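Notes for the structure review
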Amino acid sequence: MLPYFILILLPMAVAAVRTKGVVRIGEGPVQNKRNTEITVFFGIFLALLMLRDEACGADTTAYLRLFEQIGQKSWGSAISTTSVEPGFTALSKLIYFITKNEQLFLLVTAAITVIPLYRFYRKETELPVLTIVLFATIAPFSMYFSGIRQALAMAFVFSAWKLTREKKWIKFLLLVLVATLFHRSSFVILAIYPMYHLRITTKWLYAVVPLMLLVYIFNKPIFNVLLLLWGEDGTVESTGATTVLLLLVLFAVYAFVIADESKLEKEVLGYRNILLLAITIQCFAPVHSIAMRMNYYFLPFIPILIPKIANRSKAGMKSLVNISVIVMTLIFAAYFFLRAYTSENILRIYPYTFFWQ
């Protein structure tokens with residue numbers, strides 16, 4: 001467990017030294033920060049992904065065997081006969097052509113998945129430590145150790161966000177198409193474009209909240225219809241999906257109650273809209289495991305949103321916001337370690353094991 005303690009605690013220590021224990025919150029947008037804590041966190045995170053043993057991650061061994069099977073086939077045979085998406089097949093074949101080393105396969109795929117995430121977080125976060133602990137608990141942290149195909153597809157989300165912001169919808173569509181070549185569930189990235197450009201303010205809540213309640217109440221019949229369109233069978237989700245839903249709802253309450261609407265730029269409104277979308281999707285997670293996988297593309301935006309809301313709070317709420325940020329940071333850091341020792345460990349990332357152990 002020591003690597004995970006270092007992963008979380010070392011960035012906190014860096015933040016304490018860099019800021020001398022003083023963090024300014026609620027004073028408006030924060031820009032052009034070095035965010036050393038983010039660099040430290042993702043440097044360690046990337047190293048852990050690169051150096052993990054195949055026993056770390058429920059699907060890691062299966063992916064390594066698949067890498068070997070694809071590599072031993074000809075290019076044509078690999079693309080035509082392998083059951084997984086062609087983008088992943090082509091990438092695996094290319095890596096195998098360069099090197100047959102399985103650890104280097106993990107190294108390359110880890111770099112492709114983490115570097116876009118790191119660059120996005122380093123640029124966008126305004127409270128690095130809070131972002132880090134939220135990412136480790138709310139975002140699909142464990143998925144990066146196990147679901148290599150989907151993690152590769154998730155890496156396209158951040159470029160999709162940039163293209164959405166710039167209204168380059170043709171490039172956006174092409175990017176989503178490429179993402180589906182790595183994991184077909186990534187078609188849900190399409191939702192980013194309309195959700196970003198909607199202006200959902202507190203006036204919308206009279207319609208949005210009842211709609212989400214109806215989705216939750218009738219989640220089974222609604223999802224049965226969606227399954228027909230998806231063409232997929234599945235199992236009931238039993239991995240804490242309801243807990244995540246409750247947390248997302250609490251974040252939404254925070255984002256609407258604390259925020260000064262006049263201070264919210266279009267991009268921050270876009271992040272908040274993504275949170276509402278994530279809540280809606282999470283309403284289906286207790287019913288079907290696929291819903292949680294769909295949400296993996298949107299949950300990484302939440303650790304960026306919450307600090308931005310804290311820095312754009314209503315007048316007179318500065319003390320409350322300061323306390324809330326401290327409390328959230330401590331609670332989610334503690335939750336990360338508590339879950340490591342008490343969770344079902346379905347994706348088998350605890351304890352961490354290096355490949356040489």
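These numbers come from a predicted model, not from an experiment.

1. Here's the deal with the overall build of the protein
- A tally of helices and strands in the protein yields 19 helices and 0 strands.
- Taking 2.2 N^0.38 as the reference for a compact globule, 357 residues should give roughly 21 Å; the C-alpha atoms of the protein span a radius of gyration of 20 Å, in line with that estimate.
- A principal-axis box enclosing the C-alpha atoms of the protein has dimensions of 65 × 50 × 40 Å.
- When burial is assessed residue by residue, the protein has 54% of its 357 residues classed as buried.

2. Comments concerning the environment of Ile331
- Inspection of the secondary structure assignment puts Ile331 in helix H19 (residues 318-342).
- With 141 residues separating them in the primary sequence, Ile331 and Leu190 have C-alpha atoms 33 Å apart.

3. Details of the pattern of salt bridges
- All told, the structure shown has 13 salt bridges when counted by the stated rule.
- The closest approach of N and O atoms between Glu102 and Arg65, which form a salt bridge, is 2.5 Å. With Glu102 in helix H6 (residues 102-124) and Arg65 in helix H3 (residues 60-72), this pair connects stretches of sequence that are 37 residues apart.
- Under the relative-accessibility criterion, Glu102 is labelled partly exposed at 22%.
- As a salt-bridge pair, Glu265 and Arg312 come within 2.8 Å of each other at their nearest N and O atoms. Of this pair, Glu265 sits in the loop between helix H15 (241-257) and helix H16 (266-282) while Arg312 is found in the loop between helix H18 (302-310) and H19, placing the two residues 47 residues apart along the sequence.
- Among the residues examined, Glu265 registers a relative accessible area of 32% and is labelled partly exposed.

4. Re H19
- For H19, spanning 25 residues, the distance from its first C-alpha to its last is 35 Å, which sits close to the expected 36 Å at 1.5 Å a residue.
- Every buried residue of H19 is listed here: Val321, Ser324, Val325, Met328, Thr329, Phe332, Ala333, Phe336, Phe337, Arg339 and Ala340.

5. What to know about the environment of Leu226
- Structurally, the position occupied by Leu226 is in helix H14 (residues 219-230).
- Given the relative accessible area of 37%, Leu226 is considered partly exposed.
- Separated by 135 residues in the primary sequence, Leu226 and Leu91 place their C-alpha atoms 31 Å from one another.

6. Re the packing of helix H10 (residues 157-165) against helix H11 (residues 169-180)
- For the pair H10 and H11, the least separation of the axes is 8 Å and the interaxial angle reads 165°. By the angle between their axes, H10 is roughly antiparallel relative to H11. Note that H10 runs across H11; the crossing there is left-handed. Residues Ser159, Ala160, Leu163 and Thr164 of H10 touch H11, and the partners they reach there are Lys171, Phe172 and Leu175.

7. Some words on the packing of H3 against H6
- In contact at an axis separation of 10 Å, H3 and H6 are set at 110° when each is read in the N-to-C sense. For the element pair H3 / H6, the angle class is roughly perpendicular. Facing H3, whose interface residues are Thr60, Tyr63, Leu64, Arg65, Phe67 and Glu68, H6 presents Glu102, Phe105 and Leu106.
- Looking at the contact of H3 with H6 residue by residue, the classes come out as 5 nonpolar, 1 polar and 3 charged.

8. Here we look at the side chain of Glu37
- Here Glu37 lies in helix H2 (residues 36-51).
- Beyond its immediate stretch of four places on either side in the chain, Glu37 contacts Pro11, Val14, Ala15, Arg18, Pro128, Val129 and Ile132.

9. A word on the environment of Phe88
- Relative to the helices and strands, Phe88 resides in helix H5 (residues 86-98).
- For Phe88, a relative accessible area of 0% puts it in the buried group.
- Through-space distance from the C-alpha of Phe88 to that of Phe141 is 21 Å; in sequence the pair is 53 residues apart.
- Other than its neighbours up to four places away in sequence, Phe88 contacts Tyr63, Leu66, Ile70, Phe105, Ile148, Arg149, Leu152, Leu181 and Phe182.

Reading the values: the criteria
Residues numbered from 1 in each chain as written. Predicted model: local features only at pLDDT ≥ 70, side-chain atom pairs only at ≥ 80, totals over all residues. Heavy atoms only, no water. Helix = DSSP H or I, 4+ residues; strand = E, 2+ residues; numbered from the N terminus. Rg over C-alpha atoms; globule rule 2.2 N^0.38 Å. Buried < 20%, exposed > 50% of the residue type's maximum accessible area, 1.4 Å probe, protein only. Salt bridge = Lys/Arg side-chain N within 4 Å of Asp/Glu carboxyl O. Expected span 1.5 Å × (residues − 1). Axes fitted to C-alpha atoms, helices over the stretch in contact; angles between N-to-C directions. Parallel < 35°, antiparallel > 145°, perpendicular 65-115°, else oblique. Left-handed = near helix turned anticlockwise from the far one by under 90°. Contact = heavy atoms within 4.5 Å. Nonpolar A, V, L, I, M, F, W, Y, C, P; charged D, E, K, R; others polar.

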